[in-house]
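# Examination of the molecular architecture
What follows is the residue order along each chain.
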Amino acid sequence: MTTAIEYNIDEIYKITGGEKYFNQPGFSLEFLSLDSRKIIVPNKTVFWALNTHTRNASVFIYDLYESGVRNFVVDTIPDFSKIPDSNVIVVKDPLKALQKLATSHRKKFRNIHVIAITGSNGKTVVKEWLSELLSKDHQIVTSPRSYNSQIGVALSVLQIRSHHTIGIFEAGISTVGEMANLESMIRPQTGIFTNIGSAHDEGFANRAQKISEKLQLFRNVRHLIYPSAIQQITAEIKKNNPGVELFSWGKRNSFFKVGRIKELANQSIISLRSEKREISLTIPFTDTAYVENAISCYCALESMNVFDERMSKEFLNLSSLPMRLELKPGIQGSNIINDTYNNDLQSLGVALDFLHQQTNKKKIVFISDILQSGLTKDHLYRRVSQLLTNKPVDTLIAVGNDLNSYQKLFSGIPHRYFFKNTGDLIPLINNFKVENADILIKGARRFAFENITSRLEAQLHKTRLTINLSHLIHNIGIYKSLLRPGTKMMMMVKAFAYGSGSREIASVLQFIKVDYLTVAYIDEGITLRNEGIHLPIMVMNTEPSSFENLTDHRLEPEIFSFGMLNQFSQFLAAKKIKEYPVHIKIDTGMHRLGFEPNQINKLIEVLNLNKSLRVKSVFSHLSASDDPGQDDFTLKQFRTFNSVIKKLKDNLGYSFISHIANSAGISRFPAMQLDMVRLGIGMYGIDPNPGISRQLKVVNSLSATVSQIKKIKAGEVVGYGVHRIKKDKTIATVSIGYADGYHRLLSMGRGKMWLRGKFVPTEGRICMDMTMIDISGIPEATEGDEVEIFGEHVPVQQLALSASTIPYEIFTSISGRVKRVYVED
């Protein structure tokens, strides 16, 4: 776990207290890390040594010191002879110290509206949906994934920055006395209580005590949203928070009355009524849990007075999240409902509901003992039996000593099998008749039911683009090492970040604190803003019709002509905006966009009279910095740019950033670094300088799978256009085509793929969704094998050459239907 911070070591000490041993006081920090394996920038990171039951984290500080870390928060005094020139804060309890830092950090941001969510289920879905619904009008900060613990909440709150207008944080507890800590860090104005179930019941004397503990999160909120079925909330919350406005929802005795819920094919229409309005919300889900989550979101928006009719349409576009319960194709025409990470009564009920929404008639349930329910075993398994009676199944496969002891309770199920452990079950799994069945696999984590899932899942043929974020960061580090101290980095994330995913790549770049991002069009910039990217963003192409959106989202335009300069200036003047940042493009010989050198005098006059905007940077574009044969022209461009820069600096009366070097320019022309460089294709491991190229790592790998293998006789046809082969061949059909971005020019053997350690050529014409390859020399190949299209073995540069194009086009042609998978080493 690592989060970005904006503190120096002295500021941290003032907040946490303890004993300080500083050799470098005032040390500025950018990251706080709890994981010694995940430190990206050692010399800017403070390692926070949180101990576990099995590990004293302080032992890692000596290795971390060797890797460059100089700042530590620990609970024991270390051997300072091993860590000279370090800064160490020794505290009694590092977790409490971390929470003190988060609490202090939260108090700095009094204008942000914070929503806190607790409950037994649905916290992450409600958080993510609210973020979707609010992101068009607000700058949102949310808990990463399911960061809702004593540690996770602290790290989440430390993400808040001054530009955020709304924060949405989850809070989860497992015993008494925990919620007060979370409330102190979050300090919410709006609270959402999703539901109450049996999860973590064992940490409380009874259900009422658990509800009371959760309500501690809302002791200072202005608004509270909750299901009226939890009657205890209504009676208890007013005692601790008499000024709170209650927004209950339910069928009766509620502020928001839930009417008819109509189920259509893959949709639910929810009727809601309050004093303010009657409304019908349509969501693209039918299961009860999603319906309740959608109601919580709507009630929260209404309580904050931010709901409008536009949002009602956006409920239909709410996305399904990768939650623990997943539906996957299984073997023999079955469907697998995979919920192998937890098992409690409430989630079992939800999973059984989901099971019965599926279309196959045969229902099979794999279930393990329930480990944490807060009930006596007799009461617990009678409840389980009742659930399975209400949602009948054909076959029950039960694992665990407790279920074995209560076999008689399940005598009404037609087919029943009981095992003491998963290991006893696995060898017999093929004996169960799963053809065309809906199968629920529901188990507590310790039972390792993923071993069941892996044997029942169908092996799908998928095309995917794998993006290695660790390699991306490594490559940026290589270029950064080439720069003079103080040189800034502008990163190109246009064209969907060269096909790799704008949001994901921009998030990494923001995390490692690059200086600037660049997009081609305003829509790309707005998307990044809506995804929580707050770095400065330059937009290369803007239209007058988009100026309003440009300024609303704090995007900075490239100005390349007097016409555009005048239009934008008039817009700013009408809006009474002063000194808005712009980027001036100079045409130094490429003759695409930009002011000509002979226009600079006039440009200086216009800029000096213009109070509406301020030049943030001046730049130009190199035409052939990657081509040694054109170095004379590249150097001529640089000389022209330098002369323009000097004239502007001498006459504008204020400083600005100058930049001309792109990826190839960084590695081949060190003198062109100036104030900032622009890194694009180099991030992905492509550079014309052999010395640099050898140090870079492959970031993007495109792969597909073999769908079918056939033996084809000489003279027979393969693919479109009656392409006849001249000799007997073994032909494999691969799950990629030109609709995925595999160029049709790679037909007839021009393209080469990598299969089982060998290059194999394309055969016939590339189809829209499929490509045939000749695998005659690989008799061991089988259907389902992975095929590398480009990556470690097939360099994208070579693929581009075969397709008569450049790597840029290969990357940006990868279709949106190709799944992007992000990995870290």
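See the structure above.
A short tour of the structure in this document, coming up. (Residues numbered from 1 in each chain as written. Predicted model: local features only at pLDDT ≥ 70, side-chain atom pairs only at ≥ 80, totals over all residues. Heavy atoms only, no water.)

## Side note on the overall build of the chain
For the chain, the helix and strand inventory stands at 27 helices and 37 strands. Its C-alpha radius of gyration of 30 Å places the chain within 12% of the 28 Å reference for a compact globule of 825 residues. With the C-alpha coordinates of the chain rotated into their principal frame, the extents come out at 90 × 80 × 65 Å. The buried share of the chain, taken over its 825 residues, is 54%. Roughly 36,500 Å² of accessible area belongs to the chain as shown, and the carbon and sulfur atoms make up 49% of that amount. Side-chain charges in the chain split into 99 positive and 81 negative, and the spacing between the mean points of these groups amounts to 2 Å. (Helix = DSSP H or I, 4+ residues; strand = E, 2+ residues; numbered from the N terminus. Rg over C-alpha atoms; globule rule 2.2 N^0.38 Å. Buried < 20%, exposed > 50% of the residue type's maximum accessible area, 1.4 Å probe, protein only. Areas by Shrake-Rupley, 256 points an atom, 1.4 Å probe, with all protein chains shown as cover. Lys, Arg positive; Asp, Glu negative; His and termini not counted. Charge placed at Lys NZ, Arg CZ, Asp CG, Glu CD.)

## Digging into the sheet that holds strand E15 (residues 278-283)
Adjacent strands of a sheet pair through backbone hydrogen bonds, lying either parallel or antiparallel. The nine strands are arranged E8-E9-E7-E10-E11-E12-E13-E14-E15 in an open sheet whose pairing can be described as mixed. Since the sheet does not close on itself, it has two edges, and those belong to strand E8 (140-142) and E15, each with one partner. Here the average twist between neighbouring strands, direction ignored, is 20°. Strand contacts of helix H4 (residues 123-134): strand E7 (113-118), E8, strand E9 (166-170) and strand E10 (190-193), with the helix running at about 165° to E9, the strand carrying the most contacts. (Pairing = 2+ DSSP bridges. Axes fitted to C-alpha atoms, helices over the stretch in contact; angles between N-to-C directions. Contact = heavy atoms within 4.5 Å.)

## A closer look at the nonpolar core
Judged by nonpolar contacts, the single largest core of 109 residues is most densely connected at Leu509, Leu517 and Phe568. Apart from residues no more than four positions distant in its own chain, Leu517 is found in contact with Met491, Val493, Ala506, Leu509, Leu528, Ile533, Leu535, Pro536, Ile537 and Met538. (Core = buried A, V, L, I, M, F, W, Y, C linked by side-chain atoms within 4.5 Å.)

## Some words on the sheet that holds strand E25 (residues 537-541)
Pairing is parallel across the open sheet formed by eight strands, whose spatial order is E29-E28-E27-E26-E25-E24-E23-E30. Both edges of this open sheet fall to strand E29 (657-659) and strand E30 (676-679), since each of them pairs with a single strand only. The mean inter-strand angle of the sheet, taken between neighbouring strand axes irrespective of direction, is 30°. Relative to E25, strand E24 (residues 516-521) is paired through four bridges, and the arrangement is parallel. Bridging across to E25, Tyr521 finds its partner in Asn541.

## Thoughts on the pairing of E25
E25 sits mainly inside the fold: four of its five residues count as buried. Note on the crossover from E24 through helix H19 (residues 522-530) to E25: the handedness is right-handed. A crossover links E25 with its parallel partner strand E26 (residues 556-559), the connecting element being helix H20 (residues 547-552), and its sense is right-handed. (Right-handed = clockwise from strand over helix to strand, strands pointing away.)

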